[in-house]
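# Structure assessment
Below are the chains, spelled out letter by letter.
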Amino acid sequence: MTTPTPVIPSFTDGVVVHQADLNGLASNLTNIYNYLLGGFRTQTPMAVINQTIAQTIPTGATPAAIVLDTAVVNTNNMWVGSVPSQITIQTAGTYLVMLHVEWGAAFSGYRFAGVTLNGTTIPANYIANCPYYDTGQVSGASSIASCVYPFSAGAALFPLGGQGSGSSQPTSTGAALNTFIAVCRLSD
Amino acid sequence: MGMTTMVTLRYEGAPSCVDCQRIGVPMCTHVGFHPEAWHVAGQGVHVAGLDDRYEHVLRSAEISPDRKTVTLVVDTVRPHGTDLARQLSWRPGPKAYIRAVHHDTGDTIEDGRYDFLLQEGQTVYHGNTQYVVHTVEHPARDPVTGVADGPDVQVATLKPMQTDTVRPTT
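Each value, and the rule that gives it
- Residues numbered from 1 in each chain as written.
- Chains lettered and ligands numbered in written order.
- Predicted model: local features only at pLDDT ≥ 70, side-chain atom pairs only at ≥ 80, totals over all residues.
- Heavy atoms only, no water.
- Core = buried A, V, L, I, M, F, W, Y, C linked by side-chain atoms within 4.5 Å.
- Buried < 20%, exposed > 50% of the residue type's maximum accessible area, 1.4 Å probe, protein only.
- Helix = DSSP H or I, 4+ residues; strand = E, 2+ residues; numbered from the N terminus.
- pLDDT = per-residue confidence, 0-100.
- Contact = heavy atoms within 4.5 Å.
- Buried area = accessible area lost by both parts, 1.4 Å probe.
- Salt bridge = Lys/Arg side-chain N within 4 Å of Asp/Glu carboxyl O.
- Polar contact = N/O pair within 3.5 Å; in protein donor to acceptor, adjacent residues only side chain to side chain.
- Nonpolar A, V, L, I, M, F, W, Y, C, P; charged D, E, K, R; others polar.
- Pairing = 2+ DSSP bridges.
- Axes fitted to C-alpha atoms, helices over the stretch in contact; angles between N-to-C directions.

If you look at the biggest cluster of nonpolar residues, it comprises 29 residues, and the most contacted ones within it are V97, F151, L157 and V183 of chain A. For this core, the secondary structure elements donating two or more residues are strand 1 (46-51), strand 6 (93-102), strand 7 (109-117), strand 8 (126-134), strand 9 (142-151) and strand 12 (179-187) of chain A. Within the second largest apolar cluster, 19 residues are counted, among which are I98, L117, L118 and Y131 of chain B.

Below, the structure is given as structure tokens:
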């Protein structure tokens, strides 16, 4: 919703100010007051898309696209359920992007999360990735990848996650936010 | 860059005006197209047969010596839109590989790299030809992981938009 623009009357030096002009000015001041109370503002393009259904991630250097299923915040319609593993930028600008992959089991081996732009090929399409290697990690460990990046309208982001434990591993669910991606426009 | 259309208008009325007819003059130059009325080059015009979704600007008007025919040269301005033939990028970072394919013939319209992926239902241009994106596919992606091993090409099938730019016959 965009903020309505009040029309402020103008006054000319030497011209008598009439009641209607003063009433109009008072009316617009009242409108501005009400707008501030009502919190009218242009909504910032933002998406926080969560995964509530656990996903099994295969082992290996090739990651899997994270399948998201629930929109917590989705102004600007950047995510649709029919294309669950993609965020589509609708308004060009510079965005903060953060992917959080929460692992549902304790396992040894490397794990990583990454975000690609305009394609899913790694490493060519990476704009953010976070690999690390752990042994004996407890359940609930997370992989986080983040960046601040400029995007065109229509640019597509893909959340990816992978691990090298030697067998398939599940992601974790149950909390308000588990595995999720957050995308927020910071500026033009 | 737009399109240019030649439009011919013909005067189909009586060969002489009513005043000349009254005094028995069979043919006069009071009827037909007058040059004074056609000094409108550079103005936007509407002409029957030209698609009114576009802006049409009169470039020139040529009147025949008998004033019975005027030929208009009209430039049609294409509205702002994504032109797949112009692979211009103003953002850094990885580009989308898009192969645009004609829906009817299967021919490749364009192979290019862009700052965005195409979405179904989106209107795009290739030069002066307007298309709608019918379907998009990513054949290189593994069906299990959803990730491509190699270039992740988006194959977009484009259907040409139907526009009526033919002047109906009278």
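What follows picks up the thread again.
Another aspect to go through is the confidence of the model for chain B. Any residue range with low pLDDT should be treated as having predicted coordinates unsuitable for detailed reading. All names here are of chain B. Overall, the predicted model of chain B reaches an average pLDDT of 84, with 91% of residues at or above 70. For chain B, per-element mean pLDDT is lowest for strand 1 (residues 3-10), which scores 80, and highest for strand 5 (residues 96-102), which scores 96. Here residues 164-170 scores under 50 on pLDDT; set against residues more than four positions off or in separate chains, the count is 13 contacts. Interface confidence in the predicted complex, given as ipTM, is 0.71; pTM for the same model is 0.69.

A few words now on unusual backbone geometry. Residue and element names in this part refer to chain A. Here the bond from I122 into P123 is cis, since omega is -5 degrees, no more than 30 degrees from zero. Among the structural elements, P123 can be located in the loop between strand 7 and strand 8. If you check the backbone angles, N77 has positive phi at about 55 degrees while not being a glycine. Structurally, the position occupied by N77 is in the loop between strand 4 (70-74) and strand 5 (87-88).

Turning our attention to the interface of chain B and chain A. Contact with chain B, which involves 20 residues of that partner, is made by 28 residues of chain A. For the pair chain B and chain A, the summed buried area comes to about 1700 Å², and 52% of that belongs to carbon and sulfur atoms. Considering only the side of chain B, the residues that lose the most area to chain A are R91, P94 and V147 of chain B, jointly responsible for 34% of the buried surface there. Taken together, the links from chain B to chain A amount to zero salt bridges. At the junction of chain B and chain A, the tally comes to ten residue pairs in polar contact (both at pLDDT 80 or more). In terms of residue class, the side of chain B that touches chain A is built from ten nonpolar, five polar and five charged.

What follows is about the pattern of salt bridges. When their charged atoms lie close together, side chains carrying opposite charge are able to pair. Residue and element names in this part refer to chain B. Under the counting rule described, the total for this entry stands at seven salt bridges over all chains. Its salt-bridge partner being K95, residue D115 comes within 2.7 Å of it at the nearest N-O pair. One end of the pair, D115, is in the loop between strand 6 (108-114) and strand 7 (123-126); the other, K95, is in the loop between strand 4 (82-83) and strand 5, and 20 residues separate them in sequence. Since its relative accessible area comes to 6%, D115 is described here as buried. Note that R141 is salt-bridged to D152, the shortest N-O span being 2.9 Å. Pair noted here: R141 is in the loop between strand 8 (129-137) and strand 9 (153-160) and D152 is in the loop between strand 8 and strand 9, with a separation of eleven residues, a long-range link. Both residues of the pair, R141 and D152, count as buried.

Bringing the sheet that holds strand 2 (residues 55-63) of chain B into the picture now. Residue and element names in this part refer to chain B. Read across the sheet, three strands follow the order 1-3-2 without closing on themselves; strand pairing throughout is antiparallel. Lying at the two open borders of the sheet, with one neighbouring strand each, are strand 1 and strand 2. Adjacent strand axes in the sheet meet at a mean angle of 25 degrees when their direction is disregarded. When strand 2 meets strand 3 (residues 69-77), the two strands line up antiparallel, connected through eight bridges. In the sheet register, H56 faces strand 3, and the bridge partner there is T76.

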